[in-house]
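Chains, contacts and geometry: an overview
Each chain is listed here by its residues.
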Amino acid sequence: MEPEPDLHPLLRTLRVWDTDLPSFDPAAAPGTPLQLFAEWFAAAVAAGQTEPHTPTLATTDTHGDPDARTVMLHGADARTLHFASHDTSAKGRQLAAHPYAALHFYWPVQGRQIRLRGPVRTASPEIAHADLHARSTGALASALTGHQSEHLPSHDELVRASEAAWDRAKRDPDAPVPSWTVYELEPREAEFFQGDASRRHVRLRYAYGDDAGWTRELLWP
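What comes next is a walk through the structure. In this text, all values refer to a predicted model and were calculated from it rather than measured experimentally.

A look at the nonpolar core
By size, the foremost hydrophobic cluster in this structure holds 26 residues, and its most contacted members are Phe37 and Phe105. When residues of this core are traced back to their parent elements, those giving at least two are helix H2 (33-46), strand S4 (81-86), strand S5 (100-107), strand S6 (112-122), strand S7 (180-185), strand S8 (189-194) and strand S9 (202-209). Examining the composition of this core, we find that five residues originate from one element, H2, more than from any other. The residues touching Phe37, leaving out its near neighbours within four places in the chain, are Leu73, Leu81, Phe105, Trp107, Ile114 and Phe192. Of all hydrophobic cores here, the second largest spans 14 residues; its members include Ala123, Leu132, Leu144 and Ala169.

Description of the packing of aromatic side chains
Across all of its chains, the model carries 12 aromatic pairs by this definition. Pairing Phe105 with Trp107 gives two aromatic rings, centres 5.7 Å apart and planes at 55 degrees, and the pair type is tilted. In terms of burial, Phe105 and Trp107 fall into one category: buried. Members of the aromatic cluster, connected to one another through ring pairs, are Phe24, Trp40, Phe192, Tyr206, Tyr208 and Trp214. Just above the ring of Trp40 sits the side chain of Arg112; from NZ or CZ to the centre is 4.1 Å.

Section: the pattern of salt bridges
Overall, the coordinates contain 10 salt bridges when judged by the stated rule. Among the ionic pairs, Glu184 bridges to Arg121, the shortest N-O distance being 3.1 Å. Here Arg121 lies in strand S6 and Glu184 lies in strand S7, a separation of 63 residues in the sequence. Overall, the relative accessible area of 12% leaves Glu184 in the buried class. When the shortest N-O distance is used, the salt bridge between Arg171 and Asp167 registers 2.8 Å. A residue pair is termed a helical-turn pair when its members lie 3 or 4 positions apart in one helix, as Arg171 and Asp167 do in helix H6 (residues 155-171) at four residues. Judged by relative accessible area, Arg171 falls into the exposed class, the value being 58%.

Points about the layout of surface pockets
There is about 330 Å³ of room inside the largest pocket. Taken together, 15 residues make up the lining of the largest pocket; nearest its centre are Ala84, Arg135, Ser142, Gln148 and Trp180. Sorting the residues of the lining of the largest pocket by element identifies S4 and helix H5 (137-145) as the ones contributing at least two each. In the lining of the largest pocket, the residues fall into six nonpolar, seven polar and two charged.

Notes on H5
Listed in full, the buried residues belonging to H5 are Ala139, Leu140, Ala141, Ala143, Leu144 and Thr145. Where H5 is buried, its residues touch S4, helix H4 (125-133), H6 and S7. Looking one or two residues past H5, Gly146 carries a phi angle of roughly 65 degrees, positive in sign.

Remarks on the side chain of Gln110
Position of Gln110 among the secondary structure elements: in the loop between S5 and S6. Looking at Gln110, the relative accessible area reads 10%, which means it is buried. In contact with Gln110, other than residues within four places in its own chain, are Leu21, Pro22, Trp40, Ala43, Ala44, Ala47 and Gln194.

The rules behind each value
Residues numbered from 1 in each chain as written. Predicted model: local features only at pLDDT ≥ 70, side-chain atom pairs only at ≥ 80, totals over all residues. Heavy atoms only, no water. Core = buried A, V, L, I, M, F, W, Y, C linked by side-chain atoms within 4.5 Å. Buried < 20%, exposed > 50% of the residue type's maximum accessible area, 1.4 Å probe, protein only. Helix = DSSP H or I, 4+ residues; strand = E, 2+ residues; numbered from the N terminus. Contact = heavy atoms within 4.5 Å. Phe/Tyr/Trp six-rings, centres within 6.5 Å; stacked < 30°, edge-to-face > 60°. Lys NZ or Arg CZ within 6 Å of the ring centre and 35° of its normal. Salt bridge = Lys/Arg side-chain N within 4 Å of Asp/Glu carboxyl O. 1 Å grid on protein atoms, 1.4 Å probe; cavity = no way out; pocket = protein on both sides within 12 Å on 5 of 7 lines; lining within 4 Å. Points joined across faces, edges and corners; volume = space filled by probe spheres on them. Nonpolar A, V, L, I, M, F, W, Y, C, P; charged D, E, K, R; others polar.

Quick look at the structure:
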């Protein structure tokens, strides 16, 4: 029997935020969370954060069990954040059954994280088509390969399907992918976390009420 791995010694060697962190004055934060999100996102890009546009998406399955994976942010407007996938994928099926989700961004270069959750709706097929075809040939080839989250009998089968999809994507850059769907998450709750080396972390929470609009409060770290 192999010995059980003990990660404790390795974990104790690790540190976080061994760098100068930005300050955050919650009293000066804008009135809506997506305004602050845009500011923090631009700051993360300027600070050299690797892949700041790849949040964790959390959904629930038909049994109510949580599921999570990394996705790519495709866009945002004054009210919603956009990501995309096949509607036949695991996340697509979960969102069809329970159209409510959470997005979590973590930008360690600045000790910042953002948590957003709210209802999710699908954009029109025309928007989904434009979204996919504004991306790279590789993105189109991946979408044309299809079968996301389905059983794969062998890696060789993936190679064959991918090669055929790449060939079609190059020959027909406007090829339709009917299952490709843009999802729009409208935050009803948002939390902005600014880490602090002294562990006096700043947590600002926004909550939306139909009558009161956006309200804000500080949370204990």
